[in-house]
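Observations on the model geometry
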Amino acid sequence: MWELQDLMQVRRWYALHLVLCVTFFLASLIINACQFLLFFTIKPFNKTLFRHINYYLMYSIMAQILFLAEWWSGSEVRIYTDPEDMKKWGTEHTLIIMNHTYEVDWLMGWMVANKAGVLGAAKVFVKKMMQYVPTIGWAWRCSDIIFLSRNWEHDKAVMQNQIKEFYDYPYPIWFLLFFTIKPFNKTLFRQINYYLMYSIMAQILFLAEWWSGSEVRIYTDPEDMKKWGTEHTLIIMNHTYEVDWLMGWMVANKAGVLGAAKVFVKKMMQYVPTIGWAWRCSDIIFLSRNWEHDKAVMQNQIKEFYDYPYPVWMLLFAEGTRFTPQKHAASMEFARERGLTELKRHLIPRTRGFIQCAQSLKGHFPVIYDVTVAFNTKEGADPTMLNILQGRRVVGEMYIRRLPLDDVPVDDDKTTSKYLHQLYETKDLLLDSYCNTGSFTKQSGLPSYPAVTLQRRYCSLLNVAFWVSLCVWGGVSILRSASLPLQCLVALVFLLGTVSSCSVQSRLARYSLVLLGTVSSCSVQSRLARYSLVLLAYVGLYKLIGLTKITKGSEYGSSSPSSHSPPASSPLAAPSPPRPTAEGESKKKE
């Protein structure tokens, strides 16, 4: 058996050093060729697009040297700094002053830049002769590196001109449309992206509308309903249930703006495959629960919606997390300490996010839709994503008010906060009335409207039919070339999964048999990869469902109520809904 010492000896072989050097040299020359081509064909017409692409080309070269430090030699860097300062790494332009005492101090700097996610954008002052060095020098020549000649008059002019190039440097973002369309025509990109986003969201919508037969009943002024989908809108909605957001998607789909629906979500969501990556390309606002950082993000990102080519619906859960008894107790303690009106069915709203939205949107978004959602569990199942996936019908009911955004006072933060608190006092009356009587208006005193059940649109059904047909065709094509034992095994697993009602774990075990069946095939590796994707997709689906569960919410209110006040930071998400009284239970369960 090989020991660690043996591996250390292998890494000292000169033959391997030669392989690494040749690999670096050839790879870098190929990258240099790409850089030169882009430098002359794209940069003169679109500097931003060139910089986006060049970021990753530069990273590909520098990461090869970084590999030697981090993985080949196992070197490490220990950082001593203020943790709050460290959170800002990679979020701001920075001038770095560093001592230059050792041979590889610069490499330690690269490791820090890599951790901050800005290695490909790292700039440096170097000797002019360095630009003629193949690989790294040629790459720097295409990357706005500042070359100095030790002649101050000349160098001063070079620095003045070159530093200005950094003022408008873009944040590095991937994805094909960002490179091919958005830099040239942002409006066209958004119009195309609308349908791409809809194609993803409509697959989840299909589960609610067609798979489970769920429905939403709307109580609103008929004249207000005619304006749906014709104006930019800020939506304030209670966040009490696991799938309240999905009911909002159904309303947005009816209004024809589902692909333009925006939301404030936790920053970690941008790393979730499929929906998170799609949001990253779609101007969704990711927040980190650090108010100073989130405030700047909101100010900048909200401006992107001003010139959208179609109406935008922007959803704000002002409570910041879903309702649970523990969070409610902590929230009401906070209300008593500050002399605020206590709420029965909601948490005290977090006002900072709303204040920033009202100030930024006034004059651009004409209205607020105040949405209060509840669920009728006498006619439908409990509102969970797992119930919907298993085909159980969920019945949501919404009371929607259209409020002019011009009525929100924005000159003073206190009056804006007061407006939001009063709005939530009204929402609390609506939801309390529903929990007690099964009606939003019997005890709340607000206007009563006839219920309107939203009709399903065929778009989501056709969208899923297309993708299912494509996947089935691909799967059948693969199975046709598979061995007979494997085909029989897949058929058996499919039958077991459809006729049995069993736990997720046992189903996973059955589907894992597909992986074992690939051994009988001639190309084990390729089939293993294909069916591993099936298994990963299955596991991923249940992981995504897990994110919607109330138990996956924030820890707000998990300790003593007195120690928790709603953090005045970002309007985010996480749950047990308020329970109806005995009178309401006899008529409609929440």
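First things first, this report covers the structure right here in the doc. On a predicted model such as this, the values are computed, not experimentally measured, just so you know.

The rules behind each value
Residues numbered from 1 in each chain as written. Predicted model: local features only at pLDDT ≥ 70, side-chain atom pairs only at ≥ 80, totals over all residues. Heavy atoms only, no water. Helix = DSSP H or I, 4+ residues; strand = E, 2+ residues; numbered from the N terminus. Expected span 1.5 Å × (residues − 1). Bend = angle between axes of the 7 residues up to and from the residue. Buried < 20%, exposed > 50% of the residue type's maximum accessible area, 1.4 Å probe, protein only. Lys, Arg positive; Asp, Glu negative; His and termini not counted. Salt bridge = Lys/Arg side-chain N within 4 Å of Asp/Glu carboxyl O. Polar contact = N/O pair within 3.5 Å; in protein donor to acceptor, adjacent residues only side chain to side chain. Contact = heavy atoms within 4.5 Å. Pairing = 2+ DSSP bridges. Patch = residues over 30% accessible without salt bridge, like charges linked within 9 Å, V, L, I, M, F, W, Y side chains within 5 Å. Areas by Shrake-Rupley, 256 points an atom, 1.4 Å probe, with all protein chains shown as cover. Axes fitted to C-alpha atoms, helices over the stretch in contact; angles between N-to-C directions. Parallel < 35°, antiparallel > 145°, perpendicular 65-115°, else oblique. Left-handed = near helix turned anticlockwise from the far one by under 90°. Nonpolar A, V, L, I, M, F, W, Y, C, P; charged D, E, K, R; others polar.

In this section: helix α3 (residues 47–72). In this model, α3 (26 residues) spans 36 Å end to end at C-alpha, consistent with the 38 Å of a helix rising 1.5 Å per residue. The sharpest bend along α3 measures roughly 40° and falls at Leu66. At the C-terminal side of α3, Gly74 shows a positive phi close to 70°.

Of note, Glu209 is situated in helix α9 (residues 186–211). Of the side chains with opposite charge, Arg456 lies nearest to the buried Glu209, which makes no salt bridge, at 6.6 Å. Polar side-chain contacts of Glu209 include one of 3.2 Å to the side chain of Ser460. Once residues within four sequence positions are removed from consideration, Glu209 is found in contact with Ser214, Met250, Asn253, Arg456, Arg457 and Ser460.

Within strand β9 (residues 395–404), eight of the ten residues are buried, leaving the element largely enclosed by the surrounding structure. Pairing between strand β3 (residues 215–219) and β9: five bridges, direction parallel. Following the sheet pairing, Val216 is matched in β9 by Gly396. By the bridge criterion, nine bridges tie strand β8 (residues 367–375) to β9 in an arrangement that is antiparallel. Each residue of the ladder has a partner; that of Val371, found in β9, is Ile400.

Okay, the pairing of strand β7 (residues 313–316) next. Residues Trp313 and Leu315 of β7 are buried on one face, and the alternating residues Met314 and Leu316, pointing to the opposite face, are buried as well. The sheet contact formed by strand β4 (residues 233–237) and β7 spans four bridges and is parallel. From the neighbouring strand, Ile236 faces β7, where its bridge partner is Leu316. Here strand β5 (residues 261–266) pairs with β7 via three bridges, running parallel. Within β7, the position partnered with Val263 by the bridge is Leu315.

What follows deals with a nonpolar patch on the surface. Together, Leu18, Val22, Phe25 and Leu26 line one region of the surface with nonpolar side chains, adding up to about 370 Å² of accessible area. What makes Val22 partly exposed here is its relative accessible area of 39%.

Turning our eyes to something else, we now look at the packing of helix α13 (residues 291–302) against helix α15 (residues 351–361). Where α13 meets α15, the axes come as close as 10 Å, and the angle between the chain directions of the two elements is 25°. It follows from the interaxial angle that α13 and α15 lie roughly parallel. Considering only the axes of α13 and α15, their crossing is right-handed. Where α13 abuts α15, its residues Trp291, Lys295, Met298, Gln299 and Ile302 lie against Arg352, Gly353, Gln356, Cys357, Ser360 and Leu361. The residue inventory of the contact of α13 with α15, partitioned by class, reads five nonpolar, four polar and two charged.

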